[in-house]
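Report on the structure
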Amino acid sequence: MPRLIQPTDDAILQAASVLRDGRVVAFPTETVYGLGADTFNTTALQRVFALKGRPERNPLIAHVLDEGQARRVVTGWDDRCSLLAARFWPGPLTIVLRRAGDVPDRATAGWPTIAVRAPDHPVARDLLGVFGGPISAPSANRSGGVSPTTAAHVADDFAEVDDLLILDGGPCEIGIESTVVDLSAAIPTVLRPGAVSAGEIRDVIGEVAGSSASAQTHSPGTSTAHYAPRTAAEVVACEGLENRLAKIEGPVTVLCFEGTRLAGPHRTIVMPDDPDAYAARLYGALREADQNKPARILIVEPASTAGLWGAICDRLNRATGAYSGTYS
Ligand code: TXA
Ligand code: MG
């Protein structure tokens, strides 16, 4: 069984020593929980891939305390990076650059680039500070599944992993994964949308290519079967909901908005109207929906795709396999 512990000073010291021993620690960030290992320890990194069942070619994000730690693992840190870090770090922005020569292959899954991010969560920051170096961490879920936004989600996904240390930092404030922007290419490109929008990045560094399916084909980590619950899920327009329900046999769990009334054996999970609150609730709601073991999960389409709704819709498309890009 995993060991959930409160993030006291002692617990942080213990977690840092587990990392130094080449083992794995789950920790909270403001986006989702991460499954962390020492960026410079190949055996520990291999353990992260094995625990998650992560495809060998899907690279990890190196979590850093600040620009100084980031520079340790990249080459080509330039003024644009400093501007982005000054504006968005610590926070939900991941920057991809060419990797430094001594970064192990496993940390980047063999890719010549590395993703770096300074998380904005006191527990993550304490851990990075005490450990004193970068921590590579994918989201702490089984590969392809829904990311964890509480320590209990991590414990559920890794229930049979003895002694997995999980620092319990409460529910994640943002609830969807960071924006990933590639600065290693000629034109900076958003590979994964998140709470920091392409427009906000553009305001800081000028030209940025948005997150298009073709851009994402070049990103190793965004497949159709990514971020998906176990139950088959579909996005439906609000006005099409009743028709769709009538065609499905057995109980359905519907993620809807306030005001939806359903007859029959179906269940609803009422989602917030506000995008920040919706994002924070989304992965927990998908996990709850899965637990009901319904015939199908239907997700009522949000009315907007502006701002954070754009990143939310990206995750809904992935959760339902409607995303048309490829991912390794
Ligand atoms: O919010 C987050 O980013 C969370 C927390 C824990 O920080 N982490 C996270 O990690 O979502 P993961 O591994 O689940 O997703 C990382 C994404 C993947 O899509 C991966 O392919 C992409 O970042 N990525 C990592 N390194 C990359 C690289 N060198 N080039 C392009 N994409 C990269
Ligand atoms: Mg992930």
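One can find the structure itself at the top, above this paragraph.
None of the values given here were measured: they were computed from a predicted structure.

This part takes up the overall build of the protein. Along the backbone of the protein there are 11 helices and 15 strands. For the protein, whose C-alpha radius of gyration is 19 Å, the value lies close to the compact-globule estimate of 20 Å for 328 residues. In terms of its C-alpha atoms, the protein occupies a principal-axis envelope of roughly 60 × 45 × 30 Å. The buried share of the protein, taken over its 328 residues, is 56%. Counting contacts in the protein only where the partners sit at least 6 residues apart, residues at least 24 apart contribute 68% of the total. Seen as two clouds, the 30 positive and the 38 negative side-chain charges of the protein have centres 5 Å apart.

The next point concerns the pattern of salt bridges. Across all of its chains, the model carries 17 salt bridges by this definition. Two residues, Asp78 and Arg80, come together in a salt bridge whose shortest N-O distance is 3.0 Å. Judged by its relative accessible area of 27%, Asp78 is partly exposed. What makes Arg80 partly exposed here is its relative accessible area of 24%. For the salt bridge of Arg296 with Glu234, the shortest nitrogen-to-oxygen distance reads 2.4 Å.

Turning our eyes to something else, we now look at the pairing of strand E3 (residues 34-38). Within a regular beta strand, the side chains point alternately toward one face of the sheet and then the other, so they alternate between its two faces. Counting buried positions along E3 gives 5 out of 5 residues, so the element sits mostly inside the fold. When strand E2 (residues 25-27) meets E3, the two strands line up antiparallel, connected through 3 bridges. Each bridged residue has a counterpart across the sheet, and for Phe27 the counterpart in E3 is Gly34. Turn length for the E2-E3 hairpin, with the two strands adjacent in sequence and antiparallel, is 6 residues. The sheet contact formed by E3 and strand E8 (residues 135-136) spans 2 bridges and is antiparallel. By the bridge assignment, Ala37 is partnered in E8 with Ser136.

Summarising burial for strand E7 (residues 113-117): 5 of the 5 residues are buried, a large majority. Side-chain alternation along E7 places Thr113, Ala115 and Arg117 on one buried face and Ile114 and Val116 on a second face that is also buried. Here strand E4 (residues 61-63) pairs with E7 via 3 bridges, running parallel. What sits directly across from His63, in E7, is Arg117. For strand E6 (residues 93-99) and E7, the ladder comprises 4 bridges, and the chain directions are antiparallel. The residue bridging Val96 from the neighbouring strand is Ala115, located in E7.

Spatially, E12-E15-E13-E14 is the arrangement adopted by the 4 strands of the open sheet, whose pairing is parallel. With one partner strand each, in any of the chains shown, strand E12 (233-236) and strand E14 (267-271) form the two edges of the open sheet. Direction aside, the axes of adjacent strands within the sheet are offset by 20° on average. The sheet contact formed by strand E13 (residues 252-257) and strand E15 (residues 296-300) spans 4 bridges and is parallel. Bridge pairing links Val252 to Arg296 in E15. Along the sheet face, helix H10 (residues 275-291) touches E13, E14 and E15 and points at about 165° away from the line of E14.

Quick look at unusual backbone geometry now. Cis geometry is adopted by the peptide bond preceding Pro90, which originates at Trp89 and carries an omega value of -10°. Backbone geometry at Ala109 places phi at a positive 55°, although glycine is not the residue there. Among the secondary structure elements, Ala109 is positioned in the loop between E6 and E7. With a phi close to 65°, Asp163 is a non-glycine residue in the positive phi region. As for its position among the elements, Asp163 is in the loop between helix H6 (151-157) and strand E9 (165-167). Residue Asp163 is classed as exposed on the basis of its relative accessible area of 51%.

Negative charge collects at one region of the surface, where Glu258, Asp273, Asp274 and Asp276 lie side by side. Residue position: Asp276 is located in helix H10.

Attention now goes to the environment of Ala195. As for its position among the elements, Ala195 is in the loop between strand E11 (189-192) and helix H7 (198-205). When the C-alpha atoms of Ala195 and Leu308 are compared, they prove to be 5.8 Å apart, with 113 residues separating the residues in sequence. Those residues in contact with Ala195, other than ones at most four positions away along the chain, are Pro92, Ile174, Thr179, Glu200 and Leu308.

Conventions adopted
- Residues numbered from 1 in each chain as written.
- Chains lettered and ligands numbered in written order.
- Predicted model: local features only at pLDDT ≥ 70, side-chain atom pairs only at ≥ 80, totals over all residues.
- Heavy atoms only, no water.
- Helix = DSSP H or I, 4+ residues; strand = E, 2+ residues; numbered from the N terminus.
- Rg over C-alpha atoms; globule rule 2.2 N^0.38 Å.
- Buried < 20%, exposed > 50% of the residue type's maximum accessible area, 1.4 Å probe, protein only.
- Contact = heavy atoms within 4.5 Å.
- Lys, Arg positive; Asp, Glu negative; His and termini not counted.
- Charge placed at Lys NZ, Arg CZ, Asp CG, Glu CD.
- Salt bridge = Lys/Arg side-chain N within 4 Å of Asp/Glu carboxyl O.
- Pairing = 2+ DSSP bridges.
- Axes fitted to C-alpha atoms, helices over the stretch in contact; angles between N-to-C directions.
- Patch = residues over 30% accessible without salt bridge, like charges linked within 9 Å, V, L, I, M, F, W, Y side chains within 5 Å.
- Areas by Shrake-Rupley, 256 points an atom, 1.4 Å probe, with all protein chains shown as cover.

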